[in-house]
Structures are given as structure tokens and as C-alpha cells.
Amino acid sequence: MASPKRLPYTTAGAGGGARRGSGTVPRVVVLVFLFVIAPSIFFVFRSGGHVHVASDPKGSDGNQETDWQQQLVTNHLKSILSKEVIDAIAASQQETGALNLDFFRDHASPSWKTDDLVDNKMNTSLDVRDKEKAENSTAEHDSPLTYKAPKDGSDEHQVDTAAKIARRKLREKRREKRAMDLVQKDDEAHVKLENAAIERSKAVDSAVLGKYSIWRKENENENSDSTVRLMRNQVIMARVYSMLAKSKNKHDLFQELQTRIKESQRAIGEATADADLHHSALEKMRVMGQVLSKAREEVYDCKVITQRIRAMLQSADEHVRSLKKQSTFLSQLAAKTIPNSIHCLSMRLTIDYYLLPLEKRKFPRSENLENPELYHYALFSDNVLAASVVVNSTITNAKEPEKHVFHLVTDKLNFGAMNMWFLLNPPGKATIHVENVDEFKWLNSSYCPVLRQLESAAMKEYYFKADRPTTLSAGSSNLKYRNPKYLSMLNHLRFYLPQIYPKLDKILFLDDDIVVQKDLTGLWDVDLKGKVNGAVETCGESFHRFDKYLNFSNPHIARNFDPNACGWAYGMNIFDLKQWKNKDITGIYHKWQNMNEDRVLWKLGTLPPGLMTFYKLTHPLDKSWHVLGLGYNPSIDRSEIDNAAVAHYNGNMKPWLELAMTKYRPYWTSAFQHPCHPTVITSGSRSTPTRPKHASFVC
């Protein structure tokens, strides 16, 4: 019985020596650990990765020896590993019974310092396990403790415990935190610059860029004009690299890049397609590519290049906005002007008119001017050719031309020309009469609010003040409201029809920028149902309604009108002059015009006051009577134009101007094909009537 009691001291003298306090015993402990215990652990893990308790036929003696060895190993491991690792080992040993080296590789503790080194392997293992769990989720119902039999039939176990789930969630949270830290470490100034570029780019109207843009993928053909685009991109990158080279004092590289930029720009020129390039362009592109490769090796800096390109983008945005303002200004200016050809024609006709004897200046059939049984038209214009097109196109399509009467009103400057034109080119059997607006003595500032306002100091300052901004970029948004036509009483005469034609019952008002394509006599048969104005409505689901034209922040507007009320078009309007007089339409117009002296109810123009004056007094006509937009909308369906009784060139692109849309011009020029018209010479995009000998004007 003595031998078993001495067995612990004999087998492992290190433990007994430690208790005896001998000075040589610690060295023995180290030797025993190095030559006995450490090799045992190594071979155990290498052979199967298991530290297990062997079955000992001797019973308790063998177990006691094995437990003592495990205790000794654990004590020494405590000096190497942290407490969390030791706890994980103990927990795993309690769960599985056998300790496996792969278990610790795949289930590393969050506190291990080698977490970053094995992170990729952990993620791969987790992805495999997540897939397996997903495939078996319907059978397992995500139970907290699941036993999975190995596919190879071995006795290994995979345990999915609450501890494993917690560790996995901890790893996921740690990865998310690292990702957030990386995002937050981004340069704040860099982010602000990017956001500023994005916000500024939203204000760019892509329509002004045209069809071609090097930043946009061409939908028609991915490979179309690839050389042009590549060369333009090379020029952009060369500019960026030249800035970097200059900032880093690489003058030789800077000069070389500048030289190549000039050569590429000369090679590209105005080309927008590969076919337009010079045959030397490919060589220039190849040389530029070599210089860019050299620059990339010497001065490439991703962050700086990104900032430079963003700065170039912002500069391009500013340039686009400037060009857009210039385009607006120039288009408005072109719309206001009269071409030289029309101006010269008007001057020559005026001279010829005042050379005529008085008895030859009168039109025939003057007795028809006040006959209410006939079809009467009102046309107010200072453009001789435009008025001629309206009259002739109406007569050409009329079934009974002799029943049509045209009342033309123009200004003093064009009065002689307008008379002379129709004296030389009478409208067949129709009746025509030309009047001068300056001879309407009743139309004065004491009666007409517009004339009184035009004489006010505020209106003169608005229109004529010398130091008013005149640059292309200043005031372009309100430029259209400064159009001289708003100063002309010809534009406001439409509100005084009963005063001008007191003996008529109905009259058809026509603008001078229309072309008549069908007989219009059916408009006199339309039942207006007690309304004053018959017009085609222009509103859609959300546009051309009252809130587009009127200031509904003003209480007078908000109290009296519906912002969703449908707008209608001036240009072809049938007016019941009897109802006009009964409802005092002109008085209503004067009331609103007086309230808008400081332009707080609407901007300048005649459509807004027309909408207010004829509010709830307008009868909608069928849309086939009147098609609009030929002066600004390039996408009107041709069948819609062909089926319309009147085609209206409302907008800036009038058909007698060079900026008119070519696709719509034939509708207007075809109205010149009248036997009484002078010869029309078509040159390029404009049609200019020439004045041959005096006799050639006579029908």
C-alpha cells in the first residue's frame, strides 16, 4: 500500500520538489516539461487532434495519473493564454468531451490578438455553415442546440450552441464597426466637394448640351465615333496631368502635355464624328496615349485627380449655365427683331403708297364693313408678310370668299405698307380694311389703364432705365416680359373689340403668326351657351392652368380664382360682342389692369389678364380647330397639324425668322403660293419676297 502513496512523488518529482522547496527542483520541472509533457502534447494533437482519457484496466490509478497531467498542462497554459481562452477551452471540453485543434481554429475568441490573421478563414467557414443551416432550417426550426451527423460517417460532432451564435454575432458587429470606421475616416472636405458637385449638376439642363456628349453612352451604337470621344477624353486627362506636373515642378512633362493638347485639339477641330477627323488624328491619339502613360507613372495621385476632375465638372456646369443664359437672351432678341428683308419691303411699300393719288388708296366693297350677316375677322399686326399669310390662307380655304371681311389694324409706321400690299394683292372677292391705331382718339391714357401705366415713372424705369442690367447673364429670366410687343397697343386692342366694331355681333380674332388650313365659317355656328369667348383649352393634367400665369400668393387672386382652372389660347377666338357688352368685359379688364400697376398680380402680357377677364365666360372649342406650339415645340405630331383648322406658331421661332424650325416652315411658306403674290425667293432656311418692278405686284 506504500507504493501507491509514493506514486505521485515518484512519477512527477516536480510537484513534490516544489512542495519541499529544494533549490534544484525548478530546473527539473523545466526539463520534465520540455522533454516529457511538451512532446506528448505535440504528438497527441498531430495524431488526431484529441486529448482524451484512455481506458485503463487498472481503474482509478490510471485516471488519477491522467487528471494530474491535465492539471499540470492547464497550469502552464494559464501563463501563456488569457482567461477568456482558458474558459473557452473548458466550455468546449464540457460540451464535446474531446478537444479538437480545428475547433479552436474555427472558433477563435473575440479577444485573441491574431483575429485579423485568421479572419478570412473564419469568414469562409461561417459562410459554409450558414448555407448548411439554411438548407436544413425547415427541419431544425433554428433550435438552440442541434446535432449534425457528419456526412462521411465519422464520430465527429458539430454543435451550434448559444455561445457559438453569440460569437458569430459579435464578429459580424465587429466587421460592421470596422466598415463604419472606414467610411467615417473619409476626408470630410472630399465628401463636401462631391456633394457640392452633385447638387450643382442637378441644375444643368442636359438639353442645351445637344445630342453629343462625351460623358454619355450613345444609345444608337456603342462604337459610334469612338475615336472622337477617346481623343476628347485624352485632352481632359492631359489637362489634369498638366496641372499635377506643374504643381510638382516637372516642367518638361508640363510642356510636353501642353504641346500634345494643342495638337489633339487641332486634329479634332469641329469634328463630331470619326469620319470628320483628319487622317493624322490616329497618330496624334497614339502619341497622346504614350505621354499620358508617362504622366501616370510620374505624377499619378488618385485623390488629387478626382478633385481636379470634379473642379472641371463644376466649371463646365457654370459654363453651360452661362451659355444657356446667352441662348435665352439671343433667342429673345432674335424674336423681337424684324428681318432686313421684311423691313426693306415695308419701307418700299410705304413710299409707293404715299405716291399714289388719294382716290386710288381706297379698297372696294366698303359697304360690307358693318354688315353683321357676314363673317368678320379682326387682325392686329405690324408685320406685312405675316398679315398677308393669314388673310390669303383664310380666303384660299373659304367656301364663300365673298362673305368674308378682314379688319386689319396696324401702327403708323406700317400703315402705308399694309395698305399698299393689299392694294397690289387684293384678297380675291373678300373685303379688306386697314386702320391706324394712332387714329383711335378714344384710346387715350385717361381711358386705357395700360397707356396710363406706360407713362408712369416706374414703368419707364423698368423698361428704359439706362443703368438697368444689360449683360447676357443678368435679368435673362424676366427678359421675355420686357418684349416691346407688350408696350404696343396693338397687343391690347383685343380687349376693345366692341369699341372698335360697335355694329358687329360676332367677330373672329386671329393672331398674325397663324396659318389657316380649313374653312372657318363653322365657328360662327358654335353655340357658346351664353359665354363671351370661344377658345381651345391648353391645359393638361398639371400644366397651363391658372397657377402658371397668376400670382396666387396675392389675396386678390387667391380669393377670386381657382388655381387649377384650365387655361386657354389666344390666337383664334370667336367673341360674342353682344354678350361682351352685356357683361362689361372691357370694364372687368380695366379693373384688373388697374390693380396690377406694380405687376404683383401677373407679369406683363395679355394672356394673364385675358384669363382673369374671361374667367367662367369661356366656352371650350374642339381641339381640332386650333393646334399650338409650332414656334417652340419640335415634337408635335404631323397628323395633328394636318387635321387642325389653324396652325399657330406661338413661341419665339416664328416662321419668318431664320431660327424657325425647318420641319414646320412649309405650312407657312405654302401660303405664299397665291397668284397675286410677288415672287418669293427661297434661299437656304429663309424665304424672302423680292420686289421686282411695280407692275409685277399686280394680280
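Here the structure is a predicted model, which is why all the values come from computation and not from measurement. (Residues numbered from 1 in each chain as written. Predicted model: local features only at pLDDT ≥ 70, side-chain atom pairs only at ≥ 80, totals over all residues. Heavy atoms only, no water.)

Asker: Would you take a moment to explain the overall build of the protein for this structure?
Answerer: Counting its regular elements, the protein contains 27 helices and 16 strands. Sequence separation of at least 24 residues holds for 72% of the intrachain contacts in the protein that already meet a minimum separation of 6. By element, 54% of the accessible surface of the protein is carried by carbon and sulfur atoms, the whole surface being about 40100 Å². (Helix = DSSP H or I, 4+ residues; strand = E, 2+ residues; numbered from the N terminus. Contact = heavy atoms within 4.5 Å. Areas by Shrake-Rupley, 256 points an atom, 1.4 Å probe, with all protein chains shown as cover.)

Asker: Please explain helix H17 (residues 415-424) as it appears in this structure.
Answerer: Residues lying three or four places apart along an α-helix face the same way, a consequence of the helix completing one turn every 3.6 residues. A large share of H17 lies buried, amounting to nine of its ten residues. Every buried residue of H17 is accounted for by Phe-415, Gly-416, Ala-417, Met-418, Asn-419, Met-420, Trp-421, Phe-422 and Leu-424. Looking at the buried side of H17, the elements it contacts are helix H15 (340-354), helix H16 (384-397), strand S6 (404-410) and strand S7 (431-436). (Buried < 20%, exposed > 50% of the residue type's maximum accessible area, 1.4 Å probe, protein only.)

Asker: It is not clear to me how unusual backbone geometry should be interpreted in this structure. Could you clarify?
Answerer: Note on backbone geometry: most residues besides glycine have negative phi, and most peptide bonds are trans. Despite not being glycine, Lys-529 has its phi angle at roughly 55 degrees, a positive value. Here Lys-529 is to be found in the loop between strand S9 (514-516) and strand S10 (533-535). Lys-529 sits in the exposed class, given a relative accessible area of 62%. Backbone geometry places Arg-599, a non-glycine residue, at a positive phi of 60 degrees. Position of Arg-599 among the secondary structure elements: in the loop between helix H24 (585-595) and helix H25 (607-613). Exposure remark for Arg-599: the relative accessible area of 27% places this residue in the partly exposed category.

Asker: What exactly am I supposed to notice about the pattern of salt bridges here?
Answerer: Charged atoms that come close allow side chains of opposite charge to pair. This structure, assessed with the given rule, holds nine salt bridges. A salt bridge links Arg-321 to Glu-318, with the shortest nitrogen-to-oxygen separation between them at 3.1 Å. On the criterion of helical spacing, the pair formed by Arg-321 and Glu-318 is a turn pair, its members being three residues apart in helix H14 (residues 302-336). The class of Glu-318 is partly exposed, set by a relative accessible area of 38%. Residue Lys-503 pairs with Glu-370 through a salt bridge whose shortest N-O separation is 3.3 Å. Taken together, the residues span a long stretch of sequence, with Lys-503 in the loop between helix H20 (497-500) and strand S8 (506-510) and Glu-370 in the loop between H15 and strand S5 (375-380) at a distance of 133 residues. By relative accessible area, Lys-503 is classed as exposed at 53%. For Glu-370, a relative accessible area of 48% puts it in the partly exposed group. (Salt bridge = Lys/Arg side-chain N within 4 Å of Asp/Glu carboxyl O.)

Asker: Can you help me understand the state of the cysteines in this one?
Answerer: Here, the word disulfide means a covalent bond between the sulfur atoms of two cysteines. Here the structure, examined in full by the defined rule, presents one disulfide. With its sulfur 1.7 Å from that of its partner, Cys-539 forms a disulfide with Cys-566. Measuring handedness by torsion sign, the sulfur bridge of Cys-539 and Cys-566 sits at about -100 degrees and is left-handed. Of the two residues, Cys-539 sits in the loop between S10 and helix H21 (546-549) while Cys-566 sits in the loop between helix H22 (555-560) and strand S11 (572-576), which places them 27 residues apart along the sequence. (Disulfide = S-S within 2.5 Å.)

Asker: Quick question: what am I supposed to make of the confidence of the model for the protein here?
Answerer: Fine structural detail should not be taken from predicted coordinates in areas where pLDDT scores are low. Summarising the model, the protein shows a mean pLDDT of 75, and 63% of its residues fall at 70 or more. The low-confidence segment residues 48-62 (pLDDT under 50) makes 17 contacts with residues lying over four places distant or belonging to another chain. (pLDDT = per-residue confidence, 0-100.)

Asker: Sorry, what's going on with the packing of helix H11 (residues 226-247) against helix H12 (residues 251-268) here?
Answerer: Any two packed helices are characterised by the angle at which their axes cross and by the distance between the axes. Between H11 and H12, whose axes approach to 9 Å, the crossing angle comes to 160 degrees. Comparing their axes, H12 and H11 come out roughly antiparallel. Crossing hand, H11 versus H12: left-handed. Counted together, Met-231, Arg-232, Val-235, Ala-238, Arg-239, Tyr-241, Ser-242, Ala-245 and Lys-246 of H11 and Leu-253, Phe-254, Leu-257, Gln-258, Ile-261, Ser-264, Gln-265, Ala-267 and Ile-268 of H12 form the full contact between these two elements. Class assignment for the residues of the contact of H11 with H12 results in eleven nonpolar, four polar and three charged. (Axes fitted to C-alpha atoms, helices over the stretch in contact; angles between N-to-C directions. Parallel < 35°, antiparallel > 145°, perpendicular 65-115°, else oblique. Left-handed = near helix turned anticlockwise from the far one by under 90°. Nonpolar A, V, L, I, M, F, W, Y, C, P; charged D, E, K, R; others polar.)

Asker: Please explain the sheet that holds strand S14 (residues 646-648) as it appears in this structure.
Answerer: Consider a sheet: its strands pair through backbone hydrogen bonds, and that pairing is either parallel or antiparallel. Taken together, three strands build an open sheet; the order of strands is S9-S14-S13 and the sheet is mixed. Each edge of the open sheet is held by one strand with a lone partner, namely S9 and strand S13 (626-627). Pairing between S9 and S14: three bridges, direction antiparallel. Each bridged residue has a counterpart across the sheet, and for Ile-514 the counterpart in S14 is His-648. (Pairing = 2+ DSSP bridges.)

Asker: Would you take a moment to explain the nonpolar core for this structure?
Answerer: Taken as a class, soluble globular proteins show a tendency for nonpolar side chains to be buried jointly. Formed by 60 residues in total, the largest nonpolar core has its most connected members in Leu-408, Leu-508 and Leu-520. Tallying contributions element by element places H16 first for this core, with eight residues. Counting residues in hydrophobic clusters, the runner-up holds 45 residues, among them Cys-448, Val-450, Leu-454 and Tyr-496. (Core = buried A, V, L, I, M, F, W, Y, C linked by side-chain atoms within 4.5 Å.)

Asker: What should I look at first to understand the packing of aromatic side chains in this one?
Answerer: To describe a pair of aromatic rings, you give the distance between the ring centres and the angle between the ring planes. By the definition in use, this model includes 24 aromatic pairs. Seen in terms of ring centroids, Tyr-377 and Phe-406 are 4.8 Å apart; in terms of plane orientation they differ by 10 degrees. Their pairing is stacked. Placement of Tyr-377 in strand S5 and of Phe-406 in strand S6 is noted, with a sequence separation of 29 residues between them. Neither residue differs from the other here; Tyr-377 and Phe-406 are each classed as buried. It is Arg-296 that lies over the ring of Tyr-300; its NZ or CZ is 4.2 Å from the centre. The positively charged end of Arg-361 is found above the aromatic ring belonging to Tyr-353, 5.0 Å away from the centroid. (Phe/Tyr/Trp six-rings, centres within 6.5 Å; stacked < 30°, edge-to-face > 60°. Lys NZ or Arg CZ within 6 Å of the ring centre and 35° of its normal.)

Asker: Would you mind showing me how to read the sheet that holds S6 here?
Answerer: Within the open sheet, the seven strands sit side by side as S7-S6-S5-S8-S11-S10-S12. Their pairing is mixed. Looking along the sheet, the strands with just one partner apiece sit at the ends: S7 and strand S12 (618-620). Neighbour to neighbour, the strand axes of the sheet diverge by 25 degrees on average, direction disregarded. Taken strand by strand, H16 contacts S5, S6, S7 and S8, and its axis lies near 175 degrees from that of S6. Here H17 sits on the sheet in contact with S6 and S7, set at roughly 170 degrees to S7.

Asker: Any chance you could explain the pairing of S8 here in plain terms?
Answerer: When a strand is regular, its side chains alternate between the sheet's two faces. Extensive coverage of S8 is indicated by the burial of four of its five residues. Pairing of S5 with S8, which is carried by three bridges, proceeds in the parallel orientation. Opposite Tyr-377, over in S8, you have Leu-508 as the bridge partner. Pairing geometry for S8 and S11, over five bridges, is antiparallel. When the bridges of S11 are listed, Phe-509 appears paired with Asn-573.

Asker: Is there a simple way to explain the pairing of S11 in this structure?
Answerer: Burial analysis of S11 places five of its five residues in the buried class, the great majority of the element. Burial along S11 is two-sided: Met-572, Ile-574 and Asp-576 and Asn-573 and Phe-575, pointing in opposite directions, are all buried.

Asker: Just checking my understanding: could you explain the environment of His-278 for this structure?
Answerer: Positionally, His-278 belongs in the loop between H12 and helix H13 (281-299). Under the relative-accessibility criterion, His-278 is labelled partly exposed at 44%. Along the backbone, His-278 and Arg-266 are twelve residues apart, and their C-alpha atoms lie at a distance of 9.5 Å. A distance of 3.3 Å separates polar atoms of two side chains, one belonging to His-278 and the other to His-279. (Polar contact = N/O pair within 3.5 Å; in protein donor to acceptor, adjacent residues only side chain to side chain.)

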